[in-house]
Amino acid sequence: MKQTYSTQSANDRGTMYYFRNILNARNVKGKVKNSYRGYKMLYRTVFDAMCSVLFLKEFGIYNLNDSIPLPEEFSTWNKDQKIQWLNNICEEILKKWFFKDGDLFEDLRRIVSDPDHEENYWFANFQDGRFSCHYCEKSYSHLGSAESHEKVVHGHSKPDKKRSQVSDPKQDELFDYLLALFRLSALHRNLDSAVDMADGNRSVRSAKYETPLYNKTQKTKYLIGSIHLTSLVSGTLPSQQTERLIANRFINLSGGKNSNMALDEYVELVNRDTKNSCSGYQTKESIIAHSKEFPLLIKAVKNLDIISDIHRRKGFHHIPSYRTDVQKVILDLFDIDGFSYHEGRKLKCRQLVQNSNPFADSHKQLVNMIYRHKPLLPFRRLRNRKL
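Residues numbered from 1 in each chain as written. Predicted model: local features only at pLDDT ≥ 70, side-chain atom pairs only at ≥ 80, totals over all residues. Heavy atoms only, no water.

## What about the packing of helix 6 (residues 173-196) against helix 7 (residues 200-216)?
Their axes nearest at 9 Å, the elements helix 6 and helix 7 cross at an angle of 150 degrees. Put simply, helix 6 runs roughly antiparallel to helix 7. Our pair here, helix 6 against helix 7, has a crossing hand that is left-handed. Each of Leu184, Leu187, Asn190, Leu191, Ser193 and Ala194 in helix 6 lies in contact with helix 7, whose residues at this interface are Arg202, Ser203, Ser206, Tyr209, Glu210 and Leu213. Here the contact of helix 6 with helix 7 is built from residues that sort into six nonpolar, four polar and two charged. (Axes fitted to C-alpha atoms, helices over the stretch in contact; angles between N-to-C directions. Helix = DSSP H or I, 4+ residues; strand = E, 2+ residues; numbered from the N terminus. Parallel < 35°, antiparallel > 145°, perpendicular 65-115°, else oblique. Left-handed = near helix turned anticlockwise from the far one by under 90°. Contact = heavy atoms within 4.5 Å. Nonpolar A, V, L, I, M, F, W, Y, C, P; charged D, E, K, R; others polar.)

Set out below in structure tokens:
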């Protein structure tokens, strides 16, 4: 949301806030943490529409009323063959649009592994918990001391990281924005489906994709959580504890398939309900006393309504049609030809102008954050104060 959503983009067709207004998603407002379900459904609606547009473009179709050209022998195929045909098309779409620029992590991986890059200037000489000087044999346990030594003694100063952002007049800003939005939404949908299916391995792998994004958007707590999770399952814990951590990340309250919930989300819900129930009661005795009163109060309120002949409000709340919302977004994307490159197409909202690769420029201070918050002992969230 921080990379793709801006209230100043109402006049930019194809942006998330524009679709929010078109779909009249009034529950999408304020901070994400206060309206997570609303934001989630909006992004899922737009993502499904983008997938449909890319699927139709694969057949050269630009109208919802046209029929998809099926193979002549399609009616004679069994169920598995039809699914395989569909999966092959989806695989081509992923290769063409999600992995269009090749490996999304190629630049990031090259920077992190390059000891001569300015981001790794100090950590290339970091051994046994000490930073070695690049000009003499001295070493220091604190990063600040090493930087001060090179600056005072050897006259070395940090390179200026501020660079003027010059916009490319030929860049199609809307196309790059939609491509970045598609990739980010696909990563989020992958994590969502992994949670629904209780796929611990896929959920843990997703943290590796999330780490650079949290660093880029300065979401420090989420970044630390991703670093800890990746470190714990990558050798910090013994094999049996690693397997338990990966497998036991979900809870199923309602039963059935694909209805699981992440444990951290469940803990947040329990924590919120507990705070609401015990608001104002700060001692153990008062919490226990008032907790016994709540069921009686609820029963008394219901009986009061019956005695007073108070009826519940009648009427029907019409939930918007998800299918209709997706169709609206599809028609809009076709109308603006969003997934075709148009040289020089610009966005009015400059906050949303970005590279089509959402991981671009996510390397800044990433190595430092990883070294600083990598746990030395299992389940110890203590940052290294020497970095």
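Moving on from the model shown.
## Some details on helix 7
One full turn of an α-helix is made of 3.6 residues, so residues set three or four places apart face in the same direction. Here helix 7 is 17 residues long and its end C-alpha atoms lie 25 Å apart, about the 24 Å a rise of 1.5 Å per residue gives. Of all the bends in helix 7, the largest measures some 35 degrees and sits at Tyr209, one to four residues before the proline Pro212. Where helix 7 is concerned, the buried positions are Gly200, Arg202, Ser203, Val204, Ser206, Ala207, Glu210, Thr211, Pro212, Leu213 and Asn215. Contact partners of the buried residues in helix 7: helix 4 (106-113), helix 6, helix 8 (220-236), helix 9 (239-247), strand 4 (250-251) and helix 13 (366-373). Following helix 7 by one or two positions, Gln218 has its phi on the positive side, about 60 degrees. (Expected span 1.5 Å × (residues − 1). Bend = angle between axes of the 7 residues up to and from the residue. Buried < 20%, exposed > 50% of the residue type's maximum accessible area, 1.4 Å probe, protein only.)

## Here we look at the state of the cysteines
The tally for this structure, following the rule as stated, stands at zero disulfides. With no disulfide of its own, Cys51 lies closest to Cys90 among cysteine sulfurs, the gap being 8.2 Å. (Disulfide = S-S within 2.5 Å.)

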